[in-house]
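Tertiary structure, described
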Amino acid sequence: MRRALAVLGALAAGPAGALAPPPPFAGVIEGNMVVAAIEPLGGWGHASGVTVESYAVAVRGEGERHVPRAAPVAALAGFWGARVTVCATGAFRAIPGRDAREVAVALAATEVLRGRRAAGGAAGMAPLREAARGLYDGAILVRDTDQTCACAALFDDRRPPGMTRFRDRSDVEV
């Protein structure tokens, strides 16, 4: 947890952090799910309020076997793919079997989200749902009550009241 907070602190530090994108997160486990390779939807120059990242059920070693951990919700059992999170609400779409970078590029290129980005607006769940429905079968809608590492790092100011801050979560491993 301390390492994750140190990474978050480094991301928020001074103007040098604004010149280049922050390093990708690798191996942070939130609620038995591994997250990595975060980026804002639309790229580093956009304040969409939405993050895209790799997302998969973590595994634990039992002797020579790797056993999946219990997913936070049944719909995510055995999941691997991408997570697209609206930081202002905690709602996210889990898109199975897809690379996070591919998802970020494809969603940002959809007409509904491209128009919002061009206008400088934040993306909400309704346009994301519309874009994801047109591109991906099987996207899972989940609402998190805890702030994600990605949202804390990139859009901390958009955390809704009452949502547990990332740094206060008890289910995070680094």
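Please read all numbers here as calculations on a predicted model, not as lab measurements. Every chain is numbered independently, its residues counted from 1 as its sequence is written. Only residues with pLDDT of at least 70 are given local features in this predicted model, and only at 80 or more are side-chain atom pairs given and counted; all residues enter the totals for whole chains, interfaces and linings. With hydrogens and water set aside, each side-chain value is computed from the structure's full complement of heavy atoms.

Overview of the environment of G162
In this fold, G162 is placed in the loop between α6 (149–155) and β9 (172–173). On a C-alpha basis, the gap between G162 and D146 in space is 9.1 Å, while along the polypeptide they are 16 residues apart. For helices the rule is a DSSP run of H or I covering at least 4 residues; for strands it is a run of E covering at least 2, with both sets numbered from the N terminus onward.

Focus on the state of the cysteines
By definition, disulfides here are pairs of cysteine sulfur atoms that lie within 2.5 Å. Evaluated as defined, the whole model comprises 1 disulfide. Paired by a disulfide, C87 and C151 hold their sulfur atoms 2.0 Å apart. On the sign convention where negative means left-handed, the S-S torsion of about -80 degrees between C87 and C151 marks this disulfide as left-handed. Here C87 is found in the loop between β6 (80–86) and β7 (91–96), whereas its partner C151 is found in helix α6, with 64 residues between them in sequence. A single burial state applies to C87 and to C151, both of which are buried. The cysteine C149 is free of any disulfide, with C151 supplying the nearest cysteine sulfur at 9.6 Å. Exposure is judged per residue with a 1.4 Å probe applied to protein chains only, and the accessible area is read against the type maximum: over 50% gives exposed, under 20% gives buried, and values in between give partly exposed. For C149, a relative accessible area of 1% corresponds to the buried category.

Regarding the sheet that holds strand β2 (residues 33–40)
On the basis of which strands lie adjacent, the open sheet formed by 7 strands has the order β8-β7-β6-β3-β2-β1-β9 and antiparallel pairing. The sheet is open, and its two edges are formed by β8 (140–143) and β9, each paired on a single side. Contact criterion: two residues are considered in contact whenever any of their non-hydrogen atoms come within 4.5 Å of each other. Fitting a line to C-alpha atoms yields each axis, with helices limited to the stretch in contact; the angle taken between N-to-C directions then spans 0 to 180 degrees. Its contacts with the sheet place helix α3 (residues 100–109) against β2, β3 (50–57), β6 and β7, and it is angled at close to 150 degrees to β3. Here, strands pair whenever DSSP counts at least two bridges between them.

A closer look at the pattern of salt bridges
Think of a salt bridge as a Lys or Arg side-chain nitrogen and an Asp or Glu carboxyl oxygen that are within 4 Å of each other. For the structure on display, the rule yields 11 salt bridges. E53 is the salt-bridge partner of R83, the closest N and O atoms lying 2.8 Å from each other. Pair noted here: R83 is in strand β6 and E53 is in strand β3, with a separation of 30 residues, a long-range link. Each member of the pair, R83 as well as E53, is classed as buried. Connected through shared salt-bridge partners, E30, E53, R83, D146, R169 and D171 make up one network.

Quick look at the side chain of T85
As for its placement among the helices and strands, T85 is situated in strand β6. The class for T85 is buried, based on a relative accessible area of 1%. Not counting chain neighbours up to four residues away, the residues in contact with T85 comprise G49, V50, T51, E53, G90, A91, F92, T148 and C151.

A look at the environment of L128
With respect to the secondary-structure elements, L128 resides in helix α5 (residues 125–135). Sequence separation between L128 and F92 is 36 residues, and the spatial gap between their C-alpha atoms is 9.2 Å. What L128 contacts, discounting residues up to four positions off in sequence, is L41, V50, V84, V86, L107 and L113.

Quick look at unusual backbone geometry
One non-glycine residue with positive phi stands out, namely N32, at about 70 degrees. Take N32: it is sitting in the loop between β1 (28–30) and β2. For A37, which is not glycine, the phi torsion reads 50 degrees and is therefore positive. Tracing the backbone through its elements, the reader meets A37 in strand β2.

Thoughts on the nonpolar core
Buried residues of nine kinds, namely Ala, Val, Leu, Ile, Met, Phe, Trp, Tyr and Cys, make up a nonpolar core once their side-chain atoms join them within 4.5 Å. Core analysis: the biggest nonpolar cluster contains 17 residues, and L41, V52, V84, V103, L107 and L128 have the highest contact counts within it. Those elements giving two or more residues to this core turn out to be β3, β6, α3 and α5. In terms of residue count, α3 provides more of this core than any other element does, 5 residues in total. Among all residues touching V52, those that are not within four sequence positions of it are A37, I38, E39, L41, R83, V84, A100, V103 and A104.

Geometric values such as these leave the question of function open.
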